[in-house]
Amino acid sequence: MRKSVVSTVNKNAPPSKMEKKRRHSTSKVTHPKKPARKKSRAPQNHGNVVFKMTYQTDQHTLEVHLINATELPIRHGRLLDAFARLSLKTSSKRQRFQSKVNKKTCNPIFDEKFVFDGVYISEFQQARLKIKLLDRLGVSRCEPIGEAVIALADESITWGEIVTRTLQEKADKKQVS
């Protein structure tokens, strides 16, 4: 049988070079601090929407001719299946319409007319038209591209002139144009 040899450590002996290194090193590894990344808050381009509005005073209808959208951003490395939702909110009611889907394009041409009934001139001060562009991702799922909110208080808009508005990520009540 072999006898095991147990070595004893003399605590009064001077420390070796390895022991000195172990004492001075810490278990925490410190790296030089990197500056924190700043998120860029530069306004992203969400595209533009082109439309024309006319108001029929005798019939109390507002006709919105949605012409096209331009410069929409590419999402997830693919072209968009874009469509628009138009919503007119007055003091008395809210009406909504939806356009057809334009597949695989970043510059969809809608060329659709939507007629909002029962819109009176007295309600124009509080009335807002919201045009929201969305990307269809599947049968029932869609992702917002951008939106534009138009105040009907600006009477020059309803004369039938072509209007181009920049899409915002999400339009605030303060950003109404």
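Here is a short report on the structure shown in this document. Because the structure is predicted, anything quoted here is derived from the model rather than measured.

### Some thoughts on the nonpolar core
In terms of nonpolar packing, the biggest core is built from 30 residues, with Met53, Leu62, Leu66, Phe116, Ile131 and Leu133 touching the most fellow members. Of all the secondary-structure elements, those providing two or more residues to this core are β1 (48-56), β2 (61-70), β3 (80-89), β6 (109-117), β7 (128-136) and β8 (142-151). It is β3 that contributes the most residues to this core, 5 residues altogether. The residues contacting Leu62, other than those within four sequence positions of it, are Met53, Thr54, Tyr55, Leu88, Phe114, Val115, Phe116, Val119, Leu152 and Thr158.

### Overview of the sheet that holds β6
Strand order in the open sheet formed by 4 strands is β6-β2-β1-β9, with antiparallel pairing between adjacent strands. Of all strands in the sheet, those bounded by a partner on one side alone are β6 and β9 (159-166). With strand direction ignored, the average angle separating the axes of adjacent strands in the sheet is 20 degrees. Where β2 lies against β6, 7 bridges are found, and the strand directions are antiparallel.

### Some words on the pattern of salt bridges
Tallying each qualifying case throughout the model produces 3 salt bridges. Across the pair Arg75 and Glu143 runs a salt bridge whose closest N-O atoms are separated by 2.9 Å. Linking Arg75 in the loop between β2 and β3 with Glu143 in strand β8, this pair joins segments that are 68 residues apart in sequence. For the pair shown, Arg75 and Glu143 are each scored as buried. Its salt-bridge partner being Arg78, residue Asp135 comes within 3.0 Å of it at the nearest N-O pair.

### Re unusual backbone geometry
Positive phi is not limited to glycine here, since Glu71 has a value of about 55 degrees. Mapped onto the elements of the fold, Glu71 is located in the loop between β2 and β3. Residue classification places Glu71 among the partly exposed residues on the basis of a relative accessible area of 48%. Not every positive phi belongs to a glycine, and Lys104 is a case in point at roughly 50 degrees. Looking at the secondary structure, you find Lys104 in strand β5 (residues 102-105).

### Examining the environment of Arg165
Structurally, Arg165 is set in strand β9. C-alpha separation for the pair Arg165 and Phe51, spaced 114 residues apart in sequence, amounts to 8.5 Å.

Calculation notes
- Residues numbered from 1 in each chain as written.
- Predicted model: local features only at pLDDT ≥ 70, side-chain atom pairs only at ≥ 80, totals over all residues.
- Heavy atoms only, no water.
- Core = buried A, V, L, I, M, F, W, Y, C linked by side-chain atoms within 4.5 Å.
- Buried < 20%, exposed > 50% of the residue type's maximum accessible area, 1.4 Å probe, protein only.
- Helix = DSSP H or I, 4+ residues; strand = E, 2+ residues; numbered from the N terminus.
- Contact = heavy atoms within 4.5 Å.
- Pairing = 2+ DSSP bridges.
- Axes fitted to C-alpha atoms, helices over the stretch in contact; angles between N-to-C directions.
- Salt bridge = Lys/Arg side-chain N within 4 Å of Asp/Glu carboxyl O.

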